[in-house]
Structure formats: structure tokens, C-alpha cells
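Chain and residue survey
As a plain string of letters, each chain reads:
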Amino acid sequence: MDERLAVVGVRAKGSAGEVDGSVSFVFVPAMVRLPPQELVFTPDPSSKTDALFDSILPPFFRLRPGEAVDSSLIQAQAEGAREAGCVTGMCPHVSPSTLQRAVEEGTLERVALSASDEDDNSSRVYMYWDESANFKRRPVNPRATQYVQYGQQNDEGVVDTIYGDVFLARVDGRQNQPESFGVDALEKEPWFFEKK
């Protein structure tokens, strides 16, 4: 268990401290030889929103001791953004030092991978990752990239490559509350299997 998650109250499934009201979610490491791991935390009862993942996950995505930001990658993307304008998500008027700080802190990204039915208010599984992980030279996460490839493509039909570790969590669309989502549930999702 990573100490950055332990600081915010996240524990391995089955560890001491698990209480009623705990919510499970899944950690999917970039290193394929490591299996997905079920984690739990107990949300603050007054926080009835999926935004709590936005508050507990960012410390995990920060620059780690021994890592460095690859400035040449930032510069290359910034040059491309200057040519394209702000449509790429990296606006040309943002300074390199601002980009450097953003990468060091990590940029939390979230995408819906599934819904339990056609209803817009249904429970959805979301994937959370550090969008700036490639600037830290973190490895490609082939499983996470596969999950996104199965059903999520951008407007041009190109699928993003996901770098670094990711987290998967289920959120109830009606009440906007986290629901437990474990490794057993992950293995039943249609996007879990290789794309045919």
C-alpha cells in the first residue's frame, strides 16, 4: 500500500480499520506483473459526492522522490499547442513554469468506462489517472489503455495511451455517491476483456 494513499485513509481490502460505510475501489498498477488491488476508504458522511475521489487521489499522482519532469516533452507539447491554439487542452498562453508545477502536482483526469444501463442516472465506473504521467516518464499502463480503447475514443477516433497507475471506482448516478467496486466486479465488466 502506498503511503500517499494511507495518509488520506485508504487501506488495502481486508486490512485493520475497515468499518461499515467503507467503499471499495480498484488500483490498477502500470506494471502488468502486479495484479489489480482492491482498496477501501471510509468517506466522510457529510460528503455525499463522487468528488471525494478528486480529493483523496491527487497526492498519489504528485512527483515522487527520484522522479523528474521531462521538460523537453512539455516544450514539445507546448509548441504543438501554440500551433493548434487552445483546442488541444494546453493553451499557448500558459508559461512553462506553470506547466512544470502542474505536472509536478499531477493532473487528475476522469473518464466514464461504463454504465449499468441506458439511463443517464445509472451507476458508472470511472477511471482516474494522472494525465501528466507521461511527462514524469511513468510507464504505459497497457490494461488501462485497453479499458479506454474498448469503448472510449476521442472525436477523431484516436485512443489515448494511458501512462502510470490508475484507479477504478463506481459512482451512483442518481445520488452522486461512491459505491463499492472490487476486483470481482472489475472482472465482470465488458471492457475488462481484450477487445476482439
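This text gives an overview of the structure that appears in the document.

Conventions and cut-offs
- Residues numbered from 1 in each chain as written.
- Predicted model: local features only at pLDDT ≥ 70, side-chain atom pairs only at ≥ 80, totals over all residues.
- Heavy atoms only, no water.
- Helix = DSSP H or I, 4+ residues; strand = E, 2+ residues; numbered from the N terminus.
- Contact = heavy atoms within 4.5 Å.
- Areas by Shrake-Rupley, 256 points an atom, 1.4 Å probe, with all protein chains shown as cover.
- Salt bridge = Lys/Arg side-chain N within 4 Å of Asp/Glu carboxyl O.
- Buried < 20%, exposed > 50% of the residue type's maximum accessible area, 1.4 Å probe, protein only.
- Pairing = 2+ DSSP bridges.
- Phe/Tyr/Trp six-rings, centres within 6.5 Å; stacked < 30°, edge-to-face > 60°.
- Polar contact = N/O pair within 3.5 Å; in protein donor to acceptor, adjacent residues only side chain to side chain.

Quick look at the overall build of the protein chain
Looking only at helices and strands, the protein chain features seven helices and seven strands. From first element to last, N terminus to C terminus, the protein chain shows the α and β order α-β-β-β-α-α-α-α-β-β-α-β-β-α. Intrachain contacts of the protein chain at a sequence separation of at least 6 include 64% that bridge at least 24 residues. Total accessible area computed for the protein chain in this model is approximately 10600 Å², and 50% of it derives from carbon and sulfur atoms.

As for the pattern of salt bridges
A side chain of one charge can pair with a side chain of the opposite charge if their charged atoms are brought near each other. Counted by the stated rule, this structure contains seven salt bridges. Here D165 makes a salt bridge to R64, at a shortest N to O gap of 3.8 Å. Placement of D165 in the loop between helix 6 (142-151) and strand 6 (166-172) and of R64 in the loop between helix 3 (58-61) and helix 4 (71-84) is noted, with a sequence separation of 101 residues between them. A salt bridge links R138 to D130, with the nearest nitrogen and oxygen atoms 3.4 Å apart.

Considerations on the pairing of strand 3 (residues 37-41)
Burial runs high along strand 3: four of the five residues are buried. For strand 2 (residues 23-28) and strand 3, the ladder comprises five bridges, and the chain directions are antiparallel. Among the inter-strand pairings, V23 is bridged to a residue of strand 3, identified as F41.

Points about the packing of aromatic side chains
In the structure shown here, the tally under the stated rule is seven aromatic pairs. Centroid distance F27 to F167: 5.3 Å. Interplanar angle 40°. Geometry classified as tilted. With a gap of 140 residues between them, F27 in strand 2 and F167 in strand 6 connect regions that are remote in the sequence. Judged by its relative accessible area of 13%, F27 is buried. Assessed through its relative accessible area of 0%, F167 is described here as buried. Look at F60 and F167: their rings are 5.1 Å apart centre to centre, the planes differ by 85°, and that puts the pair in the edge-to-face class. Here F60 is found in helix 3, whereas its partner F167 is found in strand 6, with 107 residues between them in sequence. Considered together, F60 and F167 belong to a single accessibility category, that of buried residues. Each residue in the set F25, F27, F41, F60, F61 and F167 is aromatic and connected to the rest through ring pairs, giving one cluster.

Remarks on the side chain of R138
Note that R138 resides in the loop between strand 5 (124-130) and helix 6. Within the structure, the side chain of R138 is placed 2.7 Å from the side chain of E67, a separation counted as a polar contact. Among the polar contacts made by the side chain of R138, one reaches the side chain of D130 at a distance of 3.4 Å.

Notes on the side chain of T145
Its place among the elements puts T145 in helix 6. You can call T145 buried: its relative accessible area is 8%. Here I162 takes part through its backbone nitrogen, which lies 2.9 Å from a polar atom of the side chain of T145.

Concerning the environment of P29
By the element assignment, P29 lies in the loop between strand 2 and strand 3. In the structure, P29 is positioned 138 residues away from F167 in sequence and 8.5 Å away in space, judged by C-alpha atoms. With near-sequence residues (within four places) excluded, P29 lies in contact with L34, P35, P36, N141, R143 and D165.

Function-wise, these values are silent; they only describe arrangement.
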